[in-house]
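Analysis of the macromolecular model
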Amino acid sequence: MSILSLISKGTALPRPKPGQSPSLFVSNSRYLLESAVSVTGFVAAILVNVLFPQVAEIETKVYQIGGLELTANLAYRIVLSGIVLLYAGLSVFSFFDPARKEKFLSRVAFRFASGLALALWDILGTKLQWLPMPFFPGPSRIIEAFLLEGGFIFQNTLYSLRLFTVGFASGVAFGVGTGILIGWFPKVYYWVFPVLKITGVIPAVAWMPFALTLFPTPFSAAAFLIVICAWFPVAFLTAQGIASTPRTLFEVARTLGAKTPYLVFHVAIPHAMPQIFTGISTANGFAFTTLVMSEMMGQPGGLGYYINASKVWSAYYKVFAAILVMAILFSAIMKVIGAIQGRALRWQKGVVR
Amino acid sequence: MSGEILLEIESVNRTYLDTDENSVEALRDIHLSVRHGEFISIIGPSGCGKTTLLRLIAGLDFPESGEITLKGEPITGPSPDRGYVFQQGSLFPWLTITQNIASGLKARNTYQAHKEEVPQFIDLIGLNGFEKAYPHQISGGMAQRVAIARALINHPTVLLLDEPMGALDAFTRADLQDKLLELWKNNETTMILVTHDVDEALYLSDRIVIMTPRSGKISEILEVPLPRPRPRNSHDFAAMRGSILEKLHLASAAPQPEYTI
């Protein structure tokens, strides 16, 4: 449950029964203590960075960022302080809502451990440099990449985001369209489905040589690859969702006076919606891979390009910086898609878990 | 109005192929006239073709030979004029109760003209407070009431009910039967109910059509002369129940070989 109940094993704390909110059992002082624990790990990481002696020799550069003079360590401490403030704020924000409170409490142990892990990494990667360099830089070194060329990383992030949005949105639109046609018209199913099945299993990047030759710009070539990689799972699952619509629902609609367009758009497509979203989630993962791979193999920008360009100079801390940005960016994209899905499928709430 | 012939079923036959490609006679030489405003039940053991007959009237299926006419017009396909209530699970799960009831109006683009009727029908079936619920959030009995309202909002001449209460518990069923009678009286809709529940048929109908299994024939059409409301424990009710059960038993006894010389 939480770090405190893990530590204080044996002192019989009231355990919530299944289905009962644990927040009912948490007194205010206990909540305060748990909140403190959730930031303690990060505070420890700051203290380690400040107090632990710098044993290994490193070069300390000073960067001018918006009138501030920052070193890598200073920037790292600022980031950690930001995290501490964020969780402290979250603690206050969650205090008034039982559901948020429960969620906050369930994550205390993980946040505590994350802080400790950062402290350990800082010691091994920066302070002692026991990790093999330059492959595993410390956390402050990764932050340094943003100090050094934050603007350039941002540009590349925007490039990736633009490429992803264009490719993925058209891929999903194209996939849903094809899926509806395949699911609805037996003739289209006969002619197109086998093509979909065969071409769908080929990793999209295999088409790269053709894409680069056939498309006028590298951007459109990569967008094309993302389109076809998203197309397959979306089309496949949309077709399945359409074709599996119970006959009764069509018959109901017909006895209510519905004609074909209503049957397609108000019966078959809503019925296929859960599967369309499963397709979109699957396509999402494929699309990230295709995005980064195609950027690494011939784009003038993007996070994949940035990784490749940094690798050439053995600047692995920059590679990690790009990976960090990807982790945040892709999680955010998944979150947005998840929110859209939750909204579109709210009628399912309570039916499926 | 009442007494006038509304629906005419003449020498209707329907066979279909089963999984082994054998042709099975679902309906054989069916004759039935339904008067305007009548409440008719079709009763029989499973496999006697009663649902097939209802589907033919709905226009969801077509007879091989014979003809079905409504007000003299042959039936060519489904129409909101012949409302259909399915056994269960026929609500659109992605629409709220209100949206489900309005779905017929929306499908025919008449929603704007009739939208004030939607809350009236929710009132009528007593589901106030559940307007924004989704089908999985309400009970089976409520769901069937919604299905009935969804068909009735189109003001059908005939309401076809395919064992709408088959999957409900006894209390909910009795409740829904009363609701159905009330709706029938107030709307003057002709009702054709398929059921395998003798009590239900007796409680509700003016006439009961008894069908035989396999070759799908009408074995008898019974008038129910009892005045409504019909107490289920009255002597007359029990007597009629007994005789119908006997007839059903005879009807479902092992088929006699037919001799053709």
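This structure is a prediction, so every number in the text was calculated from the model and none was measured.

Conventions we followed
- Residues numbered from 1 in each chain as written.
- Chains lettered and ligands numbered in written order.
- Predicted model: local features only at pLDDT ≥ 70, side-chain atom pairs only at ≥ 80, totals over all residues.
- Helix = DSSP H or I, 4+ residues; strand = E, 2+ residues; numbered from the N terminus.
- Rg over C-alpha atoms; globule rule 2.2 N^0.38 Å.
- Buried ≥ 20, exposed ≤ 12 C-beta atoms within 10 Å, placed from the backbone.
- Contact = placed C-beta atoms within 7 Å.
- Pairing = 2+ DSSP bridges.
- Right-handed = clockwise from strand over helix to strand, strands pointing away.
- Expected span 1.5 Å × (residues − 1).
- Bend = angle between axes of the 7 residues up to and from the residue.
- Nonpolar A, V, L, I, M, F, W, Y, C, P; charged D, E, K, R; others polar.
- pLDDT = per-residue confidence, 0-100.

The secondary structure content of chain A amounts to 13 helices and two strands. Computed over its C-alpha atoms, the radius of gyration of chain A comes to 26 Å, more than 25% above the 20 Å expected for a compact globule of 353 residues. In terms of principal-axis extent, the alpha carbons of chain A reach across some 75 × 60 × 35 Å.

All names here are of chain B. Turning to its location among the elements, Ile101 is positioned in helix 2 (residues 97-107). Exposure remark for Ile101: the 29 C-beta atoms within 10 Å place this residue in the buried category. Spatially, the C-alpha atoms of Ile101 and Gln177 are 20 Å apart, while their sequence positions differ by 76 residues. Setting aside chain neighbours within four positions, we find Ile101 in contact with Val118, Phe121, Ile122, Val146, Ala149, Arg150 and Ile153.

All names here are of chain B. Spatial strand order, 2-1-4-5: four strands in an open sheet with antiparallel pairing. Where the open sheet ends on each side, the last strands, each with one partner, are strand 2 (23-35) and strand 5 (73-74). Sheet topology places strand 1 (residues 5-17) next to strand 2; nine bridges connect them, and they run antiparallel. Residue pairing across strands places Arg14 opposite Leu27, the latter belonging to strand 2.

What follows concerns the environment of Tyr159(A). Residues and elements named next belong to chain A. Residue placement: Tyr159 occurs in helix 6 (residues 139-184). With 55 residues separating them in the primary sequence, Tyr159 and Phe104 have C-alpha atoms 35 Å apart. Apart from the residues lying within four places of it in its own chain, the contact partners of Tyr159 are Gly301 and Gly302.

Residues and elements named next belong to chain B. Within strand 7 (residues 158-162), five of the five residues are buried, which leaves the element mostly enclosed by the surrounding structure. Judged by which residues are buried, strand 7 turns out to be covered on both faces: Val158, Leu160 and Asp162 on one side and Leu159 and Leu161 on the other are all buried. Bridge count for strand 6 (residues 82-85) against strand 7 is four bridges, and the pairing is parallel. Its bridge partner lying in strand 7, Arg82 is registered against Val158. Alignment of strand 7 against strand 8 (residues 190-195), held across five bridges, turns out to be parallel. Residue pairing for strand 8: Leu160 is matched across the bridge by Ile192. One crossover worth recording links strand 7 to the parallel strand 8 by way of helix 6 (residues 170-187), and it is right-handed.

Residue and element names in this part refer to chain A. Along its 15 residues, helix 7 (residues 186-200) runs 20 Å from first to last C-alpha, staying within 8% of the 21 Å computed at 1.5 Å per residue. If you look at helix 7, its biggest bend is around 40 degrees, right at Val192, and the proline Pro194 turns up within four residues after that. Counting buried residues in helix 7 gives zero out of 15 residues, a small share hidden from the surface.

This part is about helix 12 (residues 303-312) of chain A. Residues lying three or four places apart along an α-helix face the same way, a consequence of the helix completing one turn every 3.6 residues. Every buried residue of helix 12 of chain A is listed here: Leu303(A), Gly304(A), Tyr305(A), Tyr306(A), Ile307(A) and Ser310(A). One or two steps after helix 12 of chain A, the chain reaches Ser314(A), where phi turns positive at roughly 55 degrees.

Moving on to the interface of chain B and chain A. Taken residue by residue, the interface counts 22 residues in chain B and 15 residues in chain A. Among the secondary structure elements, those contributing two or more residues to the side of chain B that touches chain A are strand 6 and helix 2 of chain B. Considered class by class, the residues forming the side of chain B that touches chain A number eleven nonpolar, eight polar and three charged.

Moving on, we get to the confidence of the model for chain A. Per-residue confidence for chain A averages 90 on the pLDDT scale, and 92% of its residues sit at or above 70. In this model residues 1-13 of chain A is a low-confidence stretch, pLDDT under 50, and it forms 14 contacts with partners more than four residues away in sequence or in other chains.

Residues Met133(A) and Pro134(A) are joined by a peptide bond in cis, for which omega reads 5 degrees. Considering the arrangement of structural elements, one finds Pro134(A) in the loop between helix 5 (108-127) and helix 6. Geometrically, the link from Arg228(B) to Pro229(B) is a cis peptide bond, its omega value of -10 degrees lying close to zero. Mapped onto the elements of the fold, Pro229(B) is located in the loop between strand 10 (218-223) and helix 8 (235-252). In this structure, Asp29(B) takes a positive phi of about 50 degrees despite not being glycine. If you trace the backbone, Asp29(B) turns up in strand 2. On the basis of neighbour counts, which here come to 15 C-beta atoms within 10 Å, the residue Asp29(B) falls in the partly exposed class. One non-glycine residue, Glu188(B), lies in positive phi territory at about 55 degrees. Mapped onto the fold, Glu188(B) is located in the loop between helix 6 and strand 8.

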